[in-house]
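Listed below, chain by chain, are the residues.
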There are 4 protein chains.
Amino acid sequence: MKAFVMEELEEVGFAEKDVPEPGPTDAIVRPTKGLVCTSDVHTVHGAIGERENLTLGHEAVGVVDAVGSAVTDFEPGDRVAVGAITPDWGSAAAQNGHPSQSGGALGGWKFANEKDGVFAEYFHVNEADANIAHIPQGVSDEEAAYVADMMSTGFMAAENADIPMGGTVAVFALGPVGLMAVKGAALQGAGRIIGVEAVPERIELARRYGADDVVNFEEEDPVEVITALTDGEGVDAAIEALGANAAFESCIAVTKPGGTISNVGYHGQGEYVNIPRSEWGVGMAEKDIVTGLCPGGRLRLQRLLRLLDEGRVDPTPMTTHEFDFAAVDEAFELMESKEDGIIKPLVDFT
Amino acid sequence: MKAFVMEELEEVGFAEKDVPEPGPTDAIVRPTKGLVCTSDVHTVHGAIGERENLTLGHEAVGVVDAVGSAVTDFEPGDRVAVGAITPDWGSAAAQNGHPSQSGGALGGWKFANEKDGVFAEYFHVNEADANIAHIPQGVSDEEAAYVADMMSTGFMAAENADIPMGGTVAVFALGPVGLMAVKGAALQGAGRIIGVEAVPERIELARRYGADDVVNFEEEDPVEVITALTDGEGVDAAIEALGANAAFESCIAVTKPGGTISNVGYHGQGEYVNIPRSEWGVGMAEKDIVTGLCPGGRLRLQRLLRLLDEGRVDPTPMTTHEFDFAAVDEAFELMESKEDGIIKPLVDFT
Amino acid sequence: MKAFVMEELEEVGFAEKDVPEPGPTDAIVRPTKGLVCTSDVHTVHGAIGERENLTLGHEAVGVVDAVGSAVTDFEPGDRVAVGAITPDWGSAAAQNGHPSQSGGALGGWKFANEKDGVFAEYFHVNEADANIAHIPQGVSDEEAAYVADMMSTGFMAAENADIPMGGTVAVFALGPVGLMAVKGAALQGAGRIIGVEAVPERIELARRYGADDVVNFEEEDPVEVITALTDGEGVDAAIEALGANAAFESCIAVTKPGGTISNVGYHGQGEYVNIPRSEWGVGMAEKDIVTGLCPGGRLRLQRLLRLLDEGRVDPTPMTTHEFDFAAVDEAFELMESKEDGIIKPLVDFT
Amino acid sequence: MKAFVMEELEEVGFAEKDVPEPGPTDAIVRPTKGLVCTSDVHTVHGAIGERENLTLGHEAVGVVDAVGSAVTDFEPGDRVAVGAITPDWGSAAAQNGHPSQSGGALGGWKFANEKDGVFAEYFHVNEADANIAHIPQGVSDEEAAYVADMMSTGFMAAENADIPMGGTVAVFALGPVGLMAVKGAALQGAGRIIGVEAVPERIELARRYGADDVVNFEEEDPVEVITALTDGEGVDAAIEALGANAAFESCIAVTKPGGTISNVGYHGQGEYVNIPRSEWGVGMAEKDIVTGLCPGGRLRLQRLLRLLDEGRVDPTPMTTHEFDFAAVDEAFELMESKEDGIIKPLVDFT
C-alpha cells in the first residue's frame, strides 16, 4: 500500500508498505478523510527525535477494513472516527485518570510517533473497542475528522481551565486548537472570551466561535489590553495554545489570583518554560498551571460526535484547503509556510 | 411606604410599613423591576411555616437609596442587581464553601423568609458590598431581574450536574428554573438535552434554550423514552426541577451508573424523598445525588450579568405577563392558577 | 479441582469442577489465603438472584498458576493480590472514571456473581495485567487479603466522604468495612471520628483504628448524641456502612448543611431508600449523597499494599477466626450467625 | 505599649506604640505565645518592599482584650487562636474560593505586611468573628500557636498535592512548613513519603512525622534517588517547601505524568521560576502545578485545633528554643543564622 512518510529528518515522501495486520484487540482502518496537523510538520523537523520511514498523520476517519478476534463492537464496513491518542486502557496511568500518559509521558500518542500514522491506504488501531467510535449518520466524514485532535484538544484546553459560569477567559493564539479552545470556552459557560492573534482570517473565525474581543498582539500589548478589559482584575483563566515563552508568560500575567492557566501549547524549544516570578505572586497567588494532552478513547469520541450531530459546533469553516491523498505533500508544504490564510488542510483518501 | 405582604397563612394584601434603615454594612434599595416566584406562593400556603405581616418577594433589581457607613463600593443612585440569597460571608458555612447555608440550613435565604422581602417601595440588603452588583449599561432592568434567582438557580442545577463535554442530560419540569437549567446545560457543553414537560408554551421555549428532545409525560413514560433515546445507557446527568417524588424517582432511574442527579426542586411534601432502591443500584452504582440552593453574592451576580451583557443568554422570553406593583396581587393569583400559559410575571415598580 | 459453591438458593457445599483456562489477557491463580464476606452470605440468600453451582468468594490472594499469551507483567509463581472487583478497563464506564460500573451497574463485580469466585483450588482473573498486583516481600498473605475488598471499600467510604482536614465524621456500623472506614477517615485527616455500633469487640477495635467516640445505638440515640457532640452543627460527613434505612436516615440527619453522606452499605431490602425530607433541607441544604462500589485495579491494589508495607495500617486484628479451606462451610455459618464476636474469618488454602 | 518593629530595611528594634482600637467588627488581642517565622526575617531584608516602624510577627495566640460593637461570638477574656492570614470574607476573591487572595494577590496577609503584626503587647484583628477561634481547654497556648501558619500552610501543601490514598509523595526541604507537609501527607493517606533535607535534626523530626525515607541532598542527587525509589515511575506528588529554582525543578522532574507539584515555597529571588521543559513533558504530561498561601479563617483554625485536641498531631517537638518577648530580637538573630539546630523559636509574652 501507499504511505506518506517521514523518510528521515527533514525529508518526506511516498513509500510502499505492507498492509498492517490486526492483533486480537486491534482494527485496521481504511481512511476516507484526514487533516494535516502542525505537529506533523514539527515531527519532520525533529521535535520527537529521529525517525526513519515513519508514516505521518494522526487525524483521520475511515472505514473498518479488518478487526482482531477479540473485537466485539466493530466490523468491516463500519464508518468510524479514530482518536489521535489511542491509550492503553489497562495501564497504570489510565487507571490513575490520565490515559493520554499511558506507558509513560505522552505515551498514549502512538500514531506517527511510536508507530506508523494514518496517512496511508490502511492504518492500524490498538484496542479498537476502546479507541474508535461509530460516526452518526448525520455527521460527515469531514466534520468527524475534527474530533480526532482539534476538538478534543481545544475543548480540553477549556475544560482544564476550570472556567466559572460567566467567567472571563483569554486564549493566546488562534490556530485550529486555539479556535476550538474559544468554542470550548463558550461551551463551558464563559462570560467573556478574549483572543490574542494577528492573522485576520483567524481573528474573524474566532469571533464566529465566540470570542468577544481579539487583541492583535502586533498592534497592542495583550497583557495591558486584557488587564484593562477586566478592570485591572485579570481573567479567571488563560489558555496557552501556542507553545512559546512569550505567550506562557503573558498567561501568568493576565490571570487573576485564584485563576487557572491551561496549557495546551507544545513547548518545543529552550531549556525552560518560564514562570514570571512576581506576576505569579512569588508562588503563593493560587494561579495554578494545568496541562494536558489530547484526550482519546471511544467515549470521548462519542461525546464530541454528539456535539456535531446536534449541531452545537461546526468545525468545517476551519477547512481552508483540500487535497487528494496523492497531493498530501503539498498540504505539508502549506502547513509549513502558513501561507494563503491556511488553517486546516483536508486530505481526501477516496 | 407601601409593601405587599403575607398577612397570615393564606392571606396576602398591601400594608403600610416604615422605610427600612441601613446598618453599617447594609444598603436600602428602591426596586424598579421584580419577578414573582412560585416559592412566594408556597410561602403564603405555609411552606416555611407561619409568618405575620411579612413582605413578600425575593427577585428584584433597583436603585440604591441609602448605604451604611461601612459600605465602600455603592452609593445612592447606583443601578443594582440583588441576589435572592444574601449570605453572611464570614459565617462557618460560607468559609466551608456553602454560603447559601450560612447560619443554618438554607440560612442565606433571608428575603420573605427571615426578614421582609423586596415587594415594597424600599427594601433592605445585608452586607451590601458583598451581595449586590452594578448592572452594566447594556443590560436592562428586566433582564437583570432574572439573575437574582432564575438564572442563578437554573444554571446551578446544570453546574452541579457535572455534565461532561458532549454528555447527555435530562431535565425534569420546564418551569422557569427548569428552562434555565436547560440553557445552563447548553452552557456547560451538554451534547444532548432532553426535557420532560407537558405545557406547550414551556416545551417550545425549552427548544429555544437548547433542548434537543422534549418528552411529554402526559403522553409517554419519560423513563422509557429517555432510556431508549440513550440506547439503554441512561443519561450522564438528570436534573430534578420540580420537587416531587415522581420526578425524583425518574431521575434516579434514567441516570447511568456513574452519573449525577442534580436536585433543585423544592420538596415541599411528605415525610420522605424516595430513592428507588434497585434503580439506585442498591446504593453502589455511583449515582450521586447533589443538591443546592440558589447561589448569591456579588461575584455570582457579576458573572451572570456578564452573560447577559455579552448576549449569551436572553431570559426575557420567559416574561409572559407584566403588572404594575399596585397589581402585584393579580400576578400572585396567576402564579397560583398557572393559567394563561404563565411562566414569569414581571412587576414594574416605577 | 475442589470448589466451594452455592448449589442453589440457600444451599452451599463442595463441588468438583474443571481447572479454568486463561484467555489471552487472563491469569489463573491458586489461592493461599482468603476471607469470607457477609455479601457471600447475602448471595446465598438470593441478594443477586438465583445462581446454580456458582463458586463463592471474592477476597483472596495467591500464586499465579498460568497466564494468557498477552499477559506481560506476571508469570507463574508470582505471589499476587487480586481485587474483588476486576473491571473491564476499556469499557465506557471505566473511560468515564467509574470502572466498577463497567458493563452496567456493578458490572466490575464478577467473582461469585457473573462467574465463579475464588473459593476453589484455582480461579480465573480477567485482564490480569490490570487487575492483579505483586505483593511486596514485607507484606504477609493474610494482610494482603484485606486489600481485595475490606481496605479498598472501607477507605473508599472515607475518600468519597470528602472529609476536610480536621473535619468531623460519623461512621454508622463498625463491621469490617465500617472499621476500615474509620481507619480511612483517620488517613484522610479527620479531626474527630464518631462511630455508631453496639458490639463490644467492634467498638474496641474502632477505637484502635481511630474512633474518638463510639455511640452505642442500643443505649443512646445516635442522632441526638452526634448532634450534641458537634455542638448542634452536625458532622462534615457521615458514612453509611450498614445498608439499612434506619442508618441511612440518621446519616442525613447528623450531617451539616454543605456536608456529605457517603454510602457504602449494600441496601438489600425494600422498595425505597428513604431520604428524610426535612432533615435533608427540602432538597436544598447541599447535603450530597455519594455512593460507590469497591475500587479495583492493579494501581489501587499497589497503593493499598504500600500502606501495608510501610506499616500505616494493620488489618489483621480484624481476623477473629481461621479455617482450612476444607472447613470454609463453618466460616460461612459463623458469618451468618454473627456469633463468637466474629469480624472476619480467614481461610487457609495451603 | 511595647512593640518589636522593623524600623526600616535591615533594622529591627523595640518601639513604643499606641494600643490599637477595634472597629465595629474587629478585636484587640493580648498575645500570650508567639512563634518567629523565617518570612519575618525575609521581610526585614526587603522581601515585601520597604516598611517603616512596622510591628513584626504573624503567629500568635492570646486573650481577647476588646471587641467591636458588631462582634457577637467573642468577648474580653476569651483565649483565642488567630490566623496568620485574616481574609476579608465578603471580597470577590473569598467568594471565588480564594480568601487568602482577598483584595489582590496575597491580600489576606495583613500582619506585618499591610498593618502592624502580632509582636506587641496588643494587636488588632479584622473581622474577628470570622478570623479567630476559641482554643479548646485541652490544647496549650504553645500547641495552638502552630495553627496560625505552620500547620495551616504545611497541611495545605499536602491537601493541594491531591495525594491518592496510598500514593507516593516527595517533600523538598524540611523546615517547619516542610515538616508539617510531611505530617499533612501522612494525614492525607500517603503510602510513602520521601523527604529531601540535609540538617540532621530536621531529618530526625521528619521521620517522626511520617517520612519513610529522607534523601540528604548534600550526599545524593534527589532526582536520581527518588526516581529509583519509585521504580522509575516518579512520585504522585511533589511538594516544594523551599522557594528555590533547584528544588522547584527537581519537583517537576520527580513527579510522574499525571501527578501534581504543590508549591508552598516563597520564591523570593530571580526573574523567573523555571519549569524544565523536557521533564515537564513539553507542557503535555499533565504535571499540574498548584500553589497556595496559608489558609486562614475561623473554620480552618477550629479544624486544626480539633486535630490538636484529639492528639492527632503534636507540633511542639518543632519548638527548639524559647525566648521572653523582651528577648525576641535574639530569636530573630537565630532564625537568621539558622544555628544551634533551630527549627522554631517560641516567644513568651506573659
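- The name that an unreviewed UniProt entry assigns to chain A is NAD(P)-dependent alcohol dehydrogenase, with the source organism given as Halorientalis brevis.
- Turning to chain A, the UniProt record has this under Cofactor (unreviewed entry): "Zn(2+)".
- Recorded in UniProt under Sequence similarities (unreviewed entry), the annotation for chain A is "Belongs to the zinc-containing alcohol dehydrogenase family."

### So, the relation of the copies chain D and chain A
Moving on, step 1. The operation relating chain D to chain A is a screw motion whose rotation component is 180 degrees, with 0.0 Å of axial translation and a residual RMSD of 0.0 Å. Taken together, the rotation and translation describe the operation of a two-fold axis.
Moving on, step 2. The overlap is high: 100% of the interface residues of chain D also sit at the interface in chain A, so the same surface is used on both sides.

### Comments concerning helix α9 (residues 245-254) of chain B
Structurally, the α-helix is built with 3.6 residues per turn, so residues lying three or four positions apart point the same way.
Moving on, step 1. Taken across its 10 residues, α9 of chain B has 7 buried, putting it largely inside the fold.
Moving on, step 2. When we look at burial in α9 of chain B, the residues that qualify are Ala247, Phe248, Glu249, Ser250, Cys251, Ile252 and Val254 of chain B.

### What to know about the domain arrangement of chain A
Residue and element names in this part refer to chain A.
Moving on, step 1. The domain architecture assigned to chain A consists of domain 1 (2-149 + 294-348) and domain 2 (154-291).
Moving on, step 2. Placing a centre on the C-alpha atoms of domain 1 and another on those of domain 2 gives a separation of 27 Å.
Moving on, step 3. Between domain 1 and domain 2, the contact holds 21 residues from the first and 14 residues from the second.
Moving on, step 4. Buried surface at the junction of domain 1 and domain 2, both sides included, amounts to about 1,400 Å², of which 67% is carbon and sulfur.
Moving on, step 5. By the criterion of area lost to domain 2, the three top residues of domain 1 are Pro317, Met318 and Ile343, representing 32% of everything that side buries.
Moving on, step 6. At the junction of domain 1 and domain 2, the tally comes to 1 salt bridge.
Moving on, step 7. Of the residues forming the side of domain 1 that touches domain 2, the biggest block, 3 residues, is contributed by helix α10 (residues 298-309).

### As for the relation of the copies chain C and chain A
Here the two chain copies are tied together by a rotation about an axis and a shift along that axis.
Moving on, step 1. For the pair chain C and chain A, the best superposition has an RMSD of 0.0 Å and corresponds to a rotation of 180 degrees with a translation of 0.0 Å parallel to the axis.
Moving on, step 2. Both copies contact each other with a shared surface, as 100% of the interface residues of chain C are interface residues in chain A too.

### Focus on the state of the cysteines
Moving on, step 1. Per the stated rule, a full pass over the model turns up 0 disulfides over all chains.
Moving on, step 2. Here Cys37 of chain B is not disulfide-linked; the sulfur of Cys294 of chain B is the nearest cysteine sulfur, at 9.3 Å.

### A closer look at a negative patch on the surface
All names here are of chain A.
Moving on, step 1. Taken together, the side chains of Glu7, Glu8, Glu10, Glu11, Glu50, Glu52, Glu330, Glu333 and Glu336 make up a negatively charged region of the molecular surface.
Moving on, step 2. Where the negative patch is concerned, the elements lending two or more residues are β1 (2-8) and α11 (328-337).
Moving on, step 3. The leading source of residues in the negative patch is α11, at 3 residues.
Moving on, step 4. The exposed category is assigned to Glu333, whose relative accessible area is 55%.

### Points about the environment of Ile239 of chain C
Moving on, step 1. Relative to the assigned elements, Ile239 of chain C resides in strand β12 (residues 235-240).
Moving on, step 2. For Ile239 of chain C, the contacting residues outside a window of four places in its chain are Ala157, Ala158, Ala161, Val169, Ala170, Val171, Phe172, Ala181, Cys251, Ser262 and Val264 of chain C.

### Comments concerning the interface of chain C and chain A
Moving on, step 1. Contacts between the two partners involve 10 residues from chain C and, on the opposite side, 10 residues from chain A.
Moving on, step 2. Between chain C and chain A the total buried area reaches about 890 Å² when both faces are included, carbon and sulfur atoms providing 57% of it.
Moving on, step 3. In terms of surface lost to chain A, no three residues of chain C exceed Trp89, Gln95 and Leu299 of chain C, which account for 58% of the buried area on that side.
Moving on, step 4. Linking chain C with chain A are 0 salt bridges.
Moving on, step 5. Taken together, the links from chain C to chain A amount to 8 residue pairs in polar contact (both at pLDDT 80 or more).
Moving on, step 6. Elements with a minimum of two residues in the side of chain C that touches chain A: α2 (92-95) and α10 (298-309) of chain C.
Moving on, step 7. The element contributing the most residues to the side of chain C that touches chain A is α10 of chain C, with 3 residues.
Moving on, step 8. Here the side of chain C that touches chain A is built from residues that sort into 4 nonpolar, 4 polar and 2 charged.

### Remarks on the UniProt feature "domain: Enoyl reductase (ER)" (unreviewed entry) in chain A
Moving on, step 1. The sites that carry the UniProt feature "domain: Enoyl reductase (ER)" (unreviewed entry) are, in the present numbering, residues 7-343 of chain A.
Moving on, step 2. Across residues 7-343 of chain A, helical content stands at 28% and strand content at 24%; the span's end C-alpha atoms are separated by 25 Å.

### Describing unusual backbone geometry
All names here are of chain A.
Moving on, step 1. Even without a glycine there, the phi angle at Ala173 is positive, about 90 degrees.
Moving on, step 2. Structurally, the position occupied by Ala173 is in the loop between β9 (168-172) and α6 (176-187).
Moving on, step 3. Notably, Asp340 is not glycine yet its phi reads approximately 60 degrees, a positive angle.
Moving on, step 4. The topology assignment puts Asp340 in the loop between α11 and β17 (344-348).

### Details of the pattern of salt bridges
Two side chains carrying opposite charge are able to pair once their charged atoms lie near each other.
Moving on, step 1. Taken as a whole, this structure holds 56 salt bridges over all chains when the rule is applied.
Moving on, step 2. In this structure, Arg79 of chain C and Asp141 of chain C form a salt bridge, with 2.5 Å as the shortest nitrogen-oxygen distance. Taken as a pair, Arg79 of chain C in strand β6 (residues 79-82) and Asp141 of chain C in helix α4 (residues 141-145) lie far apart in primary sequence, 62 residues in all.
Moving on, step 3. The exposure class assigned to Arg79 of chain C is partly exposed, which follows from its relative accessible area of 27%.
Moving on, step 4. Salt-bridge contacts for Lys256 of chain C lead to Asp236 of chain C; the nearest nitrogen and oxygen are separated by 3.1 Å. Placement of the pair is Lys256 of chain C in strand β13 (residues 255-263) and Asp236 of chain C in strand β12, with a sequence separation of 20 residues. Comparing Lys256 of chain C with Asp236 of chain C, the two get one shared label, buried.
Moving on, step 5. Here the salt bridges do not stand alone but share partners, grouping Glu233, Asp236 and Lys256 of chain A together with Arg303 of chain B into one network.

Cut-off values and rules
- Here, residues in each chain are numbered from 1, in the same order as that chain's written sequence.
- Labels follow written order: the first chain is A, the first ligand is 1, and so on.
- Side-chain atom pairs in this predicted model are given and counted only at pLDDT of 80 or more, local residue features only at pLDDT of at least 70, and totals for whole chains, interfaces and linings cover all residues.
- Hydrogens and water molecules were not included; the side-chain quantities draw on all heavy atoms of the structure.
- UniProt positions are given in the numbering used here, feature names are shortened, and annotations may be inferred rather than shown by experiment.
- For the least-squares superposition of copies, only C-alpha atoms count, and only for residues with pLDDT at least 70 in both.
- Here, residues are in contact when the closest pair of their heavy atoms is within 4.5 Å.
- Note on classification: 1.4 Å probe, protein chains only; a residue is buried when its accessible area is under 20% of the maximum for its type, exposed when over 50%, partly exposed between these limits.
- A run of DSSP states H or I qualifies as a helix once it reaches four residues; a run of E qualifies as a strand once it reaches two. Both are numbered from the N-terminal end.
- Domain boundaries shown here were taken from an automatic or database domain assignment.
- Summed over both partners, buried area is the accessible surface (1.4 Å probe) that two parts give up on being assembled.
- Take a side-chain nitrogen of Lys or Arg and a carboxyl oxygen of Asp or Glu: if they are within 4 Å of each other, that pair is a salt bridge.
- Any two cysteine sulfur atoms within 2.5 Å of one another count as a disulfide.
- By definition, no residue in a patch forms a salt bridge, and every one has over 30% relative accessible area; like charges are joined within 9 Å, nonpolar side chains (Val, Leu, Ile, Met, Phe, Trp, Tyr) within 5 Å.
- Per-residue and other accessible areas were derived by the Shrake-Rupley procedure at a 1.4 Å probe size, with only the shown protein chains allowed to occlude residues.
- Residues counted as positive are Lys and Arg, residues counted as negative are Asp and Glu, and His and the chain ends are not counted.
- The location of each charge is read from NZ of Lys, CZ of Arg, CG of Asp or CD of Glu.
- In protein, a polar contact requires one atom able to donate a hydrogen and another able to accept it; more generally it is a pair of N or O atoms within 3.5 Å, and residues adjacent in sequence count only if both atoms are side-chain atoms.
- Three classes are used: nonpolar for Ala, Val, Leu, Ile, Met, Phe, Trp, Tyr, Cys and Pro, charged for Asp, Glu, Lys and Arg, and polar for all others, with Gly counted as polar.

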